[in-house]
Amino acid sequence: MSMLKKTLAALALGSALFTAGQAMAADYKIDKEGQHAFIEFRIKHLGYSWLYGRFNDFDGSFTFDEKNPSADKVKVTINTNSVDTNHAERDKHLRSGDFLNVSKNPTATFESTEVKANGDSADITGNLTLNGVTKPVTIKAKLIGQGDDPWGGYRAGFEGSATLKLKDFGIKMDLGPASQEVELLLSVEGIRQQADT
């Protein structure tokens, strides 16, 4: 009887440890409804200043596992028509065939293929499809924080950045030598999703 009790106790402990380990891996949905996520960009104007803009409509999800970050995944879809630089005529031009060509390419997507973590930072490499062109891009990401929220949920937030060459994505409009690249600036807060039971 004593041996049976020890065996059952060992099985219970093993199960508890396995469950705790699994709890670290979770799916998160980007909190776009609460306006706690932003996809912004900036590009130099004539080399004299920065022009800033953003995409107002996007959605996505990610997995986050502190114990096994290499298994993490990120997927984001952007409505390119939602580009916003706070200037109607400029935004109209950005939606045209000179830039985002939104009539033919209404969405841009990013899907990760590899995550390499170093403490609270990570290089997230994936395929970015923009203007109908797919290229590998690496996002330099950093964990900002995580924890319970006041509504009974759990959240994790990250910031990241990446630099894109316009011509790599079929954007042929020449804005001058100082404006060949655009910087993406990302701030993402995700809400942990309940596991299916």
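Just so it is clear, the model here is predicted, and its values are computed rather than measured.

**Things to note about the overall build of the chain**
Right, so step 1: A tally of helices and strands in the chain yields two helices and eleven strands.
Right, so step 2: The N-to-C order of helical and strand elements in the chain reads α-β-β-β-β-β-β-α-β-β-β-β-β.
Right, so step 3: Expressed as a percentage of the 197 residues in the chain, the buried residues total 34%.
Right, so step 4: Within the chain, contacts between residues separated by at least 24 positions form 54% of all contacts whose residues are at least 6 apart in sequence.

**Digging into empty space enclosed by the protein**
In this approach a probe as big as a water molecule rolls over the atoms, and the regions it shows empty are the leftover space.
Right, so step 1: Summed over all chains, the structure comprises one cavity of 30 Å³ or more.
Right, so step 2: Lining the largest cavity we find Leu166, Lys167, Ile171, Met173, Asp174, Leu175, Ser179 and Gln180.
Right, so step 3: Across the lining of the largest cavity, the residue classes break down as four nonpolar, two polar and two charged.

**Considering the nonpolar core**
Right, so step 1: One finds Phe62 and Leu164 to be the most contacted residues of the largest nonpolar core, which totals 43 residues.
Right, so step 2: Here this core takes five residues from strand β10 (residues 154-165), the largest share from any one element.
Right, so step 3: Sequence-distant contacts of Phe62, defined by excluding residues within four places in its chain, comprise Ala26, Asp27, Tyr28, Ile30, Lys73, Val74, Ala156, Phe158, Val188 and Gly190.

**With respect to the pattern of salt bridges**
Right, so step 1: Applying the stated rule across the entire model yields seven salt bridges.
Right, so step 2: As a salt-bridge pair, Asp57 and Lys32 come within 3.5 Å of each other at their nearest N and O atoms. Here Lys32 lies in the loop between β1 (26-30) and β2 (38-45) and Asp57 lies in the loop between β3 (49-55) and β4 (58-64), a separation of 25 residues in the sequence.
Right, so step 3: Using a relative accessible area of 26% as the deciding quantity, one classes Lys32 as partly exposed.
Right, so step 4: One salt bridge connects Glu183 with Arg42, and the closest N-O pair in it is separated by 3.2 Å. Separated by 141 residues along the polypeptide, Glu183 in strand β11 (residues 181-192) and Arg42 in strand β2 bring together distant segments of the chain.
Right, so step 5: Glu183 sits in the partly exposed class, given a relative accessible area of 24%.
Right, so step 6: Because the salt bridges share partners, they merge into one network encompassing Asp31, Asp149, Arg155 and Glu189.

**Details of the environment of Arg54**
Right, so step 1: Here Arg54 is to be found in strand β3.
Right, so step 2: Each C-alpha atom, one on Arg54 and one on Asn86, is 9.2 Å from the other, the two residues being 32 residues apart in sequence.
Right, so step 3: In terms of polar contacts, Arg54 uses its side chain to reach the side chain of Asn56, at 2.7 Å.

**So, the pairing of β3**
Right, so step 1: Bridging between β2 and β3 involves seven bridges; their strand directions are antiparallel. Looking at the pairing, Glu40 lines up with Arg54 of β3.
Right, so step 2: The loop that links β2 with its antiparallel partner β3 comprises three residues; one of these, Leu46, has a positive phi angle of about 60°.
Right, so step 3: Across two bridges, β3 lies against strand β6 (residues 83-84) in antiparallel orientation. Note on β6: the bridge partner recorded for Arg54 is Asp84.

Thresholds, definitions, all that
Residues numbered from 1 in each chain as written. Predicted model: local features only at pLDDT ≥ 70, side-chain atom pairs only at ≥ 80, totals over all residues. Heavy atoms only, no water. Helix = DSSP H or I, 4+ residues; strand = E, 2+ residues; numbered from the N terminus. Buried < 20%, exposed > 50% of the residue type's maximum accessible area, 1.4 Å probe, protein only. Contact = heavy atoms within 4.5 Å. 1 Å grid on protein atoms, 1.4 Å probe; cavity = no way out; pocket = protein on both sides within 12 Å on 5 of 7 lines; lining within 4 Å. Points joined across faces, edges and corners; volume = space filled by probe spheres on them. Nonpolar A, V, L, I, M, F, W, Y, C, P; charged D, E, K, R; others polar. Core = buried A, V, L, I, M, F, W, Y, C linked by side-chain atoms within 4.5 Å. Salt bridge = Lys/Arg side-chain N within 4 Å of Asp/Glu carboxyl O. Polar contact = N/O pair within 3.5 Å; in protein donor to acceptor, adjacent residues only side chain to side chain. Pairing = 2+ DSSP bridges.

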